[in-house]
Each structure stands twice: as C-alpha cells, then as structure tokens.
Amino acid sequence: MAFFVSLTNFSICWSIKIRLVFDKSLCPDGSSGSYSTINAMNGVTVCRCAIAIMVILECHSFGDTYNVIDLGALGGYYSRAYDINNVGQIVGLAEVRAGEHRAFLYAKGTMNDLGTLGGKLSVATGINDNGIVTGYSYISQNNTIYHPFIYSNGQMSDIGTLGGQNGIACDINNSLQIVGSTQTSTGADHPFLYSNGTMLDIGSSPSIYGGVALGINNYGQTVGYIKGKDWSDYGFLYYDNVAQRLPCYLANNINDSAQIVGQIWIEGWCGCLVQSDTVILIGGVSAYGINSSGDVVGYGSEGAYIYSDGLFQNLNNLLEENPGWFLAEATDINDLGQIVGVGINPAGLTHAFLLQPIKTSVPDSASSISLLFLGLLITVTSRSYFKI
C-alpha cells in the first residue's frame, strides 16, 4: 500500500526538553539518573512556571535488561509475533511449509497451530487476558477470500464482513469487542467494531474513502487509520459513537489510560505518543505497542526499541548476553514488561521472539534522592482533534 501524508492540519513540531541531572557519584552504578522529554505541537502555552516542588528521583540504570527467547515456527522457517496478553500468552503467524502459514498461540513454552477457516493461510493479530484470540484467515483452499475470526475453546469462528468479500481483525479486548477492517458492498475497506455479535461500520461518513481500526482498549476506545476522500490520511479515535481526528498519521494502539501510540511525519517518519492534549515524539519510525504504565515499543532504522520514562533505547543494546540476535521490530509489551516482536536469530532465520525482563536491583540506602527544582506545566491551548 502506498502511503501519502497531508500536513494541511499540522504545524511543524518542536521539542521542549526538561533534563533532571544529578551527581553520578550518588548512584552506585554510576548512572546519571532519570530525565524526561516533553514534546508538543506548535501553539502551546507555557504557564504556571516556577512552582517549587519536591521530586524523588530513583537511581537506576535506565531500564531493564532482557533475555531473548526464540518462539520457533510450526515446521517452516518463518514466524512473527503480534500481541502478548498480561499472562504471557502470545499470538502471531508461523510458517508450516513453503507458501503456507498459520495463526499460532504460544503458551507455556509451546507454539500451537490454531488452524484456518478452510484456507491455507491464517494470522492471529490479537489476544485478550482470557486467552481469546482474533485475526483473519482464508476461507477456501484457493486463498482468494479472507475473513476475520474469533478463536475460543479450540474453535475458530468466522465473524463475517460489512457486506463485502474480504476482511481482517486486528485487536480484541476483555469484553470480546473486536476491531479491524472489512470491505463493504461497494468494495471500500471500512474500519469496524464488532460487539455482541454485531459488526458496526465506524467509517461510514461520506468524507471517508477507507480505513482500518487497529487497536481497542478495555473501555471500548478504538484507534486506527483513515483515508479521506480529500486525500488526507490521519489517525482517529472512536468512542461512544463519536469519531475524532488525531494529530498523527497512524494510531496503532491505545491503553486503558487513553494513551495512544502510532506514527507521524515530521521531516521523516517518527514514532509518537498521544496523551491528553500532548504529542510526544518518541523517535524511531513507528510505535506499535503500549502497556498500562505507558511503556512503548516499536521499530526504527536500527531495530526494535523501547521508550520508557522519557528514555528511548535500542532493545538490541539491552540483551543480557550477546546471543547473536538482531531484534528488528518490537510489536507489543504487556504489564509484566514482556516484549514480543520479530528478529533474525543466530541461525539467520526470521523468527518471533519474547523478551523476558531482568529487573535491576538497587540497595535501599541508595534507592532515591530528593531534588528541589522549578516545575514547568505545558498545556496545549487548542486540541488538534477533528470530527471525522
């Protein structure tokens, strides 16, 4: 698919950085402490400056290190992980043989083939905390028509389309609400919300040419991508029958605090975090996953990354040992800090991976210090949200 970005409704972003630095000798590991970076769109107002507050800064080594686990494949050479729930179950796709791949569920160290709706190919894209899976599958052996599915209790079920031929599902929440995109009777691809057995077209506005819903949280807030009939492309947030235009090109995921991750064009592609009235430029190329703590994962020109507490780090530099992996993309992170994605393993195969965090321990006597500084509150004066 060719992507086109219209900057008609955007201003060039600039960055405000607040760096909190203290003496390295105060940290037993020699680290320089934590800092945060706040990025905002043009047109912000800085107010209530010089508020004296007390902040506790924890001495740490800028995040965890990780052990990498190769999830393998289903008899073929290729696999890719898309989602992980909060009990560590992982879904994605894996090659069975040349030209044939299947949706998988990885649990308790085993990769399980979820089958298909009748065709040779299937993909699992989302899993909720109860182990219910969604994705899409071809429905016949000639692999010409594919439909979204829900997988539960060992059974894959077709949830249909909006009247057209093909469709995909991208995410599922704990209330069994599913989002994705299907063709309508006119052949256009529209984003949908599937709930209580009913598929709702959330892209039926006359101004919309097509789109896809990519993520949903446990409150039913849905995000995704819209292509307008005026050739404008933008991320959207849909909730309670109202759709809003987001100040980003693509919205990939949303957590229960309504923090949204995605992609924006600022003299090049950049991962971004949208929270409340603020756009934070993370770095990399795109941001894919976010957990309840606001930790973000994605990919950049140098591979998979994590963005946490204002710090951007290449995950390849955080492996506990050097096992010969190249972590290409990180696609999701759960509330335990486990990360999944795809990379090149030591044998040169493209495989799904799981990163298990190794927590850094700090002696209690040196766990925190107090620093008095001037607070700075950043407020966006006008939301860059637009009705679809």
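Described in the following lines is the structure provided in the data block. (Residues numbered from 1 in each chain as written. Predicted model: local features only at pLDDT ≥ 70, side-chain atom pairs only at ≥ 80, totals over all residues. Heavy atoms only, no water.)

As a further point, take the sheet that holds strand S27 (residues 303–308). Strands sit in the order S25-S26-S27-S28 across an open sheet of four strands; the sheet is antiparallel. Looking at which strands have only one partner, the edges of the open sheet turn out to be strand S25 (286–290) and strand S28 (311–314). On average, each strand axis in the sheet is tilted by 30° relative to the strand beside it, whichever way the strands run. Bridging between strand S26 (residues 296–300) and S27 involves five bridges; their strand directions are antiparallel. When the sheet's bridge partners are listed, Val-297 is paired in S27 with Ile-306. (Pairing = 2+ DSSP bridges. Helix = DSSP H or I, 4+ residues; strand = E, 2+ residues; numbered from the N terminus. Axes fitted to C-alpha atoms, helices over the stretch in contact; angles between N-to-C directions.)

Let us now look at the pattern of salt bridges. Counted by the stated rule, this structure contains five salt bridges. Among the salt bridges present, the one from Arg-97 reaches Glu-100, with a minimum N-O distance of 2.8 Å. According to the relative accessible area criterion, Arg-97 is partly exposed, its value standing at 47%. In this structure Glu-100 comes out as buried when scored by relative accessible area, which is 11%. Salt-bridge contacts for Asp-113 lead to Arg-102; the nearest nitrogen and oxygen are separated by 3.1 Å. Note that Asp-113 is positioned in strand S8 (residues 110–113) and Arg-102 in strand S7 (residues 100–107), a separation of 11 residues in sequence. Arg-102 gets classed as buried once you look at its relative accessible area, which sits at 18%. (Salt bridge = Lys/Arg side-chain N within 4 Å of Asp/Glu carboxyl O. Buried < 20%, exposed > 50% of the residue type's maximum accessible area, 1.4 Å probe, protein only.)

A word on the nonpolar core. Soluble, globular proteins show a tendency: their nonpolar side chains are buried together. Core analysis: the biggest nonpolar cluster contains 15 residues, and Tyr-66, Ile-306, Leu-315, Leu-327, Ile-339 and Leu-355 have the highest contact counts within it. Those elements that place two or more of their residues in this core are strand S4 (65–70), S27, strand S29 (326–333) and strand S31 (350–358). The element that contributes the greatest number of residues to this core is S29, accounting for three residues. Aside from chain neighbours lying at most four places away, what touches Leu-355 is Tyr-66, Asn-67, Val-68, Leu-315, Leu-319, Leu-327, Gly-337, Gln-338 and Ile-339. (Core = buried A, V, L, I, M, F, W, Y, C linked by side-chain atoms within 4.5 Å. Contact = heavy atoms within 4.5 Å.)

Strands sit in the order S4-S31-S30-S29 across an open sheet of four strands; the sheet is antiparallel. Where the open sheet ends on each side, the last strands, each with one partner, are S4 and S29. When strand polarity is set aside, the average angle formed by the axes of neighbouring strands in this sheet is 35°.

In short, geometric facts, not functional conclusions.
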